[in-house]
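A closer look at the structure
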Amino acid sequence: QVNRLEITPDKRFLAAAGNSHIRLFDVNSNSPQPVISYDSHTSNVMAVGFHCDGNWMYSGSEDGTVRIWDLR
């Protein structure tokens, strides 16, 4: 299940938000495996986005939390 897709400002990574996780995929890779998975939410992740410099990702979930992720 994918609730939201968002690409990083440098167009290198694609974030796929789903049920309690966000998976980050390398756009230039043929691998179907994510580069990293963020699993701190406990319910559907309905919002994901990136700061304009690409160093931070934010997410919002139906569990009532908003998280900010340091991608550096």
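Remember, it's a predicted structure, so these values are computed and weren't measured experimentally.

Rules used in this analysis
- Residues numbered from 1 in each chain as written.
- Predicted model: local features only at pLDDT ≥ 70, side-chain atom pairs only at ≥ 80, totals over all residues.
- Heavy atoms only, no water.
- Pairing = 2+ DSSP bridges.
- Helix = DSSP H or I, 4+ residues; strand = E, 2+ residues; numbered from the N terminus.
- Axes fitted to C-alpha atoms, helices over the stretch in contact; angles between N-to-C directions.
- Patch = residues over 30% accessible without salt bridge, like charges linked within 9 Å, V, L, I, M, F, W, Y side chains within 5 Å.
- Areas by Shrake-Rupley, 256 points an atom, 1.4 Å probe, with all protein chains shown as cover.
- Salt bridge = Lys/Arg side-chain N within 4 Å of Asp/Glu carboxyl O.
- Buried < 20%, exposed > 50% of the residue type's maximum accessible area, 1.4 Å probe, protein only.
- Polar contact = N/O pair within 3.5 Å; in protein donor to acceptor, adjacent residues only side chain to side chain.
- Contact = heavy atoms within 4.5 Å.
- Core = buried A, V, L, I, M, F, W, Y, C linked by side-chain atoms within 4.5 Å.

Within the open sheet, the four strands sit side by side as β1-β2-β3-β4. Their pairing is antiparallel. Edge strands, defined here as strands with exactly one partner in the open sheet, are β1 (4-7) and β4 (36-38). Strand-to-strand twist of the sheet, defined as the mean angle between neighbouring strand axes without regard to direction, takes the value 20 degrees. Here β1 pairs with strand β2 (residues 13-17) via four bridges, running antiparallel. Of the residues in β2, the one forming a bridge with arginine 4 is alanine 17.

Bringing a nonpolar patch on the surface into the picture now. A cluster of nonpolar residues, Trp56, Tyr58 and Ile68, forms a patch on the protein surface that exposes about 330 Å² of accessible area. Looking at where isoleucine 68 falls in the secondary structure, it is placed in strand β7 (residues 66-70). Relative accessible area serves as the criterion here: at 65%, isoleucine 68 is assigned to the exposed category.

Mapped onto the elements of the fold, asparagine 44 is located in the loop between β4 and β5 (45-50). In this structure asparagine 44 comes out as buried when scored by relative accessible area, which is 15%. There is a polar contact of 2.8 Å between the side chain of asparagine 44 and the side chain of glutamine 1. Dropping the residues within four chain positions of it, asparagine 44 is found in contact with Gln1, Asn3, Gly18, Asn19, Ser20, Gly60, Ser61 and Glu62.

Here we come to the nonpolar core. Generally speaking, a soluble globular protein has its nonpolar side chains buried in company with each other. By size, the foremost hydrophobic cluster in this structure holds 11 residues: Phe13, Ala15, Ala17, Ile22, Leu24, Tyr38, Val45, Val48, Phe50, Met57 and Trp69. Discounting residues that sit within four places of it in the chain, alanine 15 has contacts with Arg4, Leu5, Glu6, Ile22, Arg23, Leu24, Val48, Phe50 and Met57.

You can see arginine 23 is positioned in strand β3 (residues 22-26). As a C-alpha pair, arginine 23 and glutamine 33 span 10 residues in sequence and 9.0 Å in three-dimensional space. Side-chain polar atoms of arginine 23 contact the side chain of histidine 21, separated by 3.3 Å.

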